[in-house]
Amino acid sequence: ILVCAGTGCTSSRSAELRQSLHNELTRCGLDKEADVVPTGCFGFCELGPVVVIHPERVFYCQVAPDDAKEIVERHIAKGEIIERLLYKHPPEGATRNTIDENEFFHPQHRVALRNCGVINPEDIDDYLASGGYAGLAKALTVMTPAQVVDEVTRSGLRGRGGAGFLAGRKWAFTAAAPDTPKYVVCNADEGDPGAFMDRSILEGDPHAVLEAMAIAGYAIGARQGYVYVRAEYPIAVHRLEVAIEQARQAGLLGEDILGTGFAFDIELRLGAGAFVCGEETALLNSVSGKRGEPRSRPPYPALSGLWGKPTLLNNVETYANIPQIIVNGAAWYANLGTERSKGTKIFSLAGKINNTGLIEVPMGTTLRTIIYDIGGGIPGGKAFKAVQTGGPSGGCLPAQYLDTPIDYDSLIAVGSMMGSGGLIVMDESDCMVDIARFYLEFTQDESCGKCTPCRIGTRRLLEIITRITEGKGEPEDLERLEDLGRDIREASLCGLGQTAPNPVLSTLRYFRHEYEAHINDKR
Ligand code: SF4
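Residues numbered from 1 in each chain as written. Predicted model: local features only at pLDDT ≥ 70, side-chain atom pairs only at ≥ 80, totals over all residues. Heavy atoms only, no water.

Chemist: Give a detailed account of the overall build of the chain, specifying residues and quantitative values.
Modeler: Helix and strand counts for the chain stand at 22 helices and 14 strands. For the chain, the C-alpha radius of gyration of 24 Å lies close to 24 Å, the compact-globule estimate for 523 residues. Along the longest, intermediate and shortest principal axes, the C-alpha atoms of the chain span 75 × 60 × 40 Å. Counting across all 523 residues of the chain, residues that qualify as buried make up 59%. (Helix = DSSP H or I, 4+ residues; strand = E, 2+ residues; numbered from the N terminus. Rg over C-alpha atoms; globule rule 2.2 N^0.38 Å. Buried < 20%, exposed > 50% of the residue type's maximum accessible area, 1.4 Å probe, protein only.)

Structure, rendered in structure tokens:
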């Protein structure tokens, strides 16, 4: 009996549910027949707590601790399916209510999320049984460091943190840097509103990230890694701590890994929640004990990162793909996705969408497939108005782009960006000026204040958009927003400021009439 132990389901009493299932199995004398296994997030957060019962993989949702008695007495003891706990909207033609037939899961292709909702993240044996650490073993025993870098490069994997830089090229730059020691860092400082991709990977499959970092250490010649993770992710932090200790005990971290003479270890560094610390130079400053402020580049971290030494920095999702790329080969990965954006991408679905949750699909999947087929459409039969991609750094796209196959380049071409993968859906009742103001308020609040265009510019931008939403705007304000937005984008020091005007500029581009309505109608 698999029970989701991710943050979403935990907040809906899944820990209590697991205990009740244990108690009922014992009471009924079935504790030798069935076991209760906590897993990471299944992704269907809307319907938590989620329970999946093997071997048929029957999918029960919104299960309460009080349901444990019936599950054990009927399903486990007699093999009966409990209708009232099944997903209410099975796809047409489905004869069984298994997780595999569910409309939410069926169209997905899971690489980075492959173990989330499948294994117990606090048990290294579960990870090993699912092929875990085979990538590290292969890299250490049959590949040279240069071959590992080459494999990652040929896979076409691009950094999943937002910028989409080719991961293999970053690995190659760091490997070629002459200075030592070198470091491997994982950016787990996920901060976009509505985004929880990295949190779910860390909660559901922490060993995949550790394994990838060890592979990276071997590839670039580093002995030490750091995971910079938000302190607001207590479950992820706890599971990382457990996983690091288990990997050390199993000889998969530390000295002489797998008897090959390669040494690599990982420590955690907790971030205090500043959004700007997701920017790479600010993050590295924070890890090394300095104030978490960005600095200008070059030099890039590949040459001068932690303590001025060559440092490889990737985010959680990027690393989660690495073990599979090493095990299955670059060609396997490059076969997925589009010409210039290989592989799969995780998206978190939030806002006005029926199936709130976490999904992974091949790059190039259309927004329509994601929002309507997997996401179940808009609640209450309302009309779709826009989707914000890329979090506060991204832009709002209207219905005319629903059939855009999404990848890094196609989203930029229509004025938005991939970002880390947050998708927030708006319906016909949402005011796009209010939405733009919300994101701007967020970035303005999170501006570190180091450079003037961002510190002062975002404040002025926020003042203008606020007076528009209060019915006090003037027609000239639209030009002011555009001019100032472009200046901030051009002149800010780091990505936070450079992208802060995006929600304003994209809504001005596609929903200008809503700004004009506020100004003309004085509302
Ligand atoms: Fe700080 Fe904003 Fe300048 Fe980045 S752009 S350094 S967040 S003030």
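Chemist: Outline the sheet that holds strand β6 (residues 224-230), listing residues and values.
Modeler: With respect to topology, five strands assemble into an open sheet ordered β7-β8-β6-β5-β9, the strand pairing being mixed. Each of the sheet's edge strands pairs with one partner strand only, and the pair in question is β7 (254-257) and β9 (311-315). The sheet shows a mean angle of 25° between the axes of neighbouring strands, direction not considered. When β6 meets strand β8 (residues 262-271), the two strands line up parallel, connected through seven bridges. Considered in β8, the bridge of V227 is made with L268. (Pairing = 2+ DSSP bridges. Axes fitted to C-alpha atoms, helices over the stretch in contact; angles between N-to-C directions.)

Chemist: Could you give me a rundown of the confidence of the model for the chain, with the residues and numbers involved?
Modeler: For the chain, the average pLDDT comes to 95, and 99% of its residues sit at 70 or higher. Listed scores for the predicted complex are pTM 0.96 and ipTM 1.00. (pLDDT = per-residue confidence, 0-100.)

Chemist: Explain the side chain of T174 residue by residue, including any values.
Modeler: Take T174: it is sitting in helix α7 (residues 167-176). A residue is classified by how much of its surface remains accessible, and T174, at 0% relative accessible area, is buried. In this structure the side chain of T174 is engaged in a polar contact, spanning 2.7 Å, whose partner is the backbone oxygen of K170. When neighbours within four sequence positions are excluded, T174 is seen to be in contact with K182, I220, A302, P310, T311 and L312. (Polar contact = N/O pair within 3.5 Å; in protein donor to acceptor, adjacent residues only side chain to side chain. Contact = heavy atoms within 4.5 Å.)

Chemist: Would you mind going over the sheet that holds strand β14 (residues 422-427) in detail, with residue names and values included?
Modeler: In space, the five strands of this open sheet follow the order β11-β10-β14-β12-β13, with mixed pairing throughout. If you trace the sheet from one side to the other, it starts and ends with β11 (357-362) and β13 (395-398), each paired once. Sheet twist, expressed as the average angle between the axes of neighbouring strands with direction ignored, equals 30°. Across four bridges, the pairing between strand β10 (residues 344-351) and β14 is parallel. Bridging from a neighbouring strand, G351 pairs with V425 of β14.

Chemist: Which residues make up the nonpolar core, and what values do they have?
Modeler: With 65 residues, the main nonpolar core has V148, W171, M213, V227, F264 and Y319 as its most contacted residues. Counting residues per element, this core draws most heavily on helix α9 (residues 206-220), which supplies eleven residues. Residue contacts for F264: discarding those within four places in its chain leaves V184, M213, A214, G217, A222, R223, Q224, G225, L253, G254 and I257. In terms of nonpolar packing, the next biggest core, distinct from the first, is built from 49 residues, Y87, C396, L397 and V414 among them. (Core = buried A, V, L, I, M, F, W, Y, C linked by side-chain atoms within 4.5 Å.)

Chemist: Hey, could you go over the side chain of E446 for me, with residue numbers and the actual values?
Modeler: Summarising the element assignment, E446 is placed in helix α16 (residues 432-446). Here E446 sits buried without a salt bridge, and the closest side chain of opposite charge, R230, lies 6.4 Å off (N-O distance). A polar contact is formed between the side chain of E446 and the backbone nitrogen of F275, at a distance of 2.9 Å. When near neighbours in sequence (up to four residues on either side) are disregarded, E446 contacts G273, A274, F275, V276 and L496. (Lys, Arg positive; Asp, Glu negative; His and termini not counted. Salt bridge = Lys/Arg side-chain N within 4 Å of Asp/Glu carboxyl O.)

Chemist: I'd love a proper account of helix α8 (residues 197-204), names of residues and values included.
Modeler: Given 3.6 residues per helical turn, the α-helix brings residues three or four places apart onto the same face. Most of α8 is tucked away, with eight of its eight residues classed as buried. Regarding α8, the residues found buried are M197, D198, R199, S200, I201, L202, E203 and G204.

Chemist: Give me the lowdown on the packing of aromatic side chains, citing residues and values where you can.
Modeler: With the rule as written, the count across this model stands at 17 aromatic pairs. Ring centres of F59 and F105 lie 5.6 Å apart, and the angle between their planes is 75°; on these two criteria the pair is classed as edge-to-face. You can see F59 sitting in strand β4 (residues 58-60) and its partner F105 sitting in the loop between α3 (68-78) and α4 (124-129), a full 46 residues away along the chain. When sorted by exposure, F59 lands in the same class as F105, which is buried. Aromatic ring contacts, followed pair by pair, group F44, F59, Y87, F104 and F105 into a single cluster. The ring of Y233 has R199 lying over it, and the distance from NZ or CZ to the ring centre is 6.0 Å. Residue placement shows K345 over the ring face of F347; its charged tip is 5.7 Å from the ring centre. (Phe/Tyr/Trp six-rings, centres within 6.5 Å; stacked < 30°, edge-to-face > 60°. Lys NZ or Arg CZ within 6 Å of the ring centre and 35° of its normal.)

Chemist: Requested: an account of unusual backbone geometry, with residues and values cited.
Modeler: Cis geometry is adopted by the peptide bond preceding P181, which originates at T180 and carries an omega value of -5°. Within the secondary structure layout, P181 lies in the loop between α7 and β5 (183-188). A cis amide bond links R297 with the next residue in sequence, P298, at an omega value of 0°. Secondary-structure assignment places P298 in the loop between α11 (280-287) and β9. A positive phi is found at R57, a non-glycine position, where the angle reads about 65°.

Chemist: I'd like a rundown of the environment of G135, residues and numbers included.
Modeler: Topologically, G135 is positioned in helix α5 (residues 134-142). If sequence neighbours within four positions are ignored, G135 has contacts with E211, I215, P323, I326 and V327.

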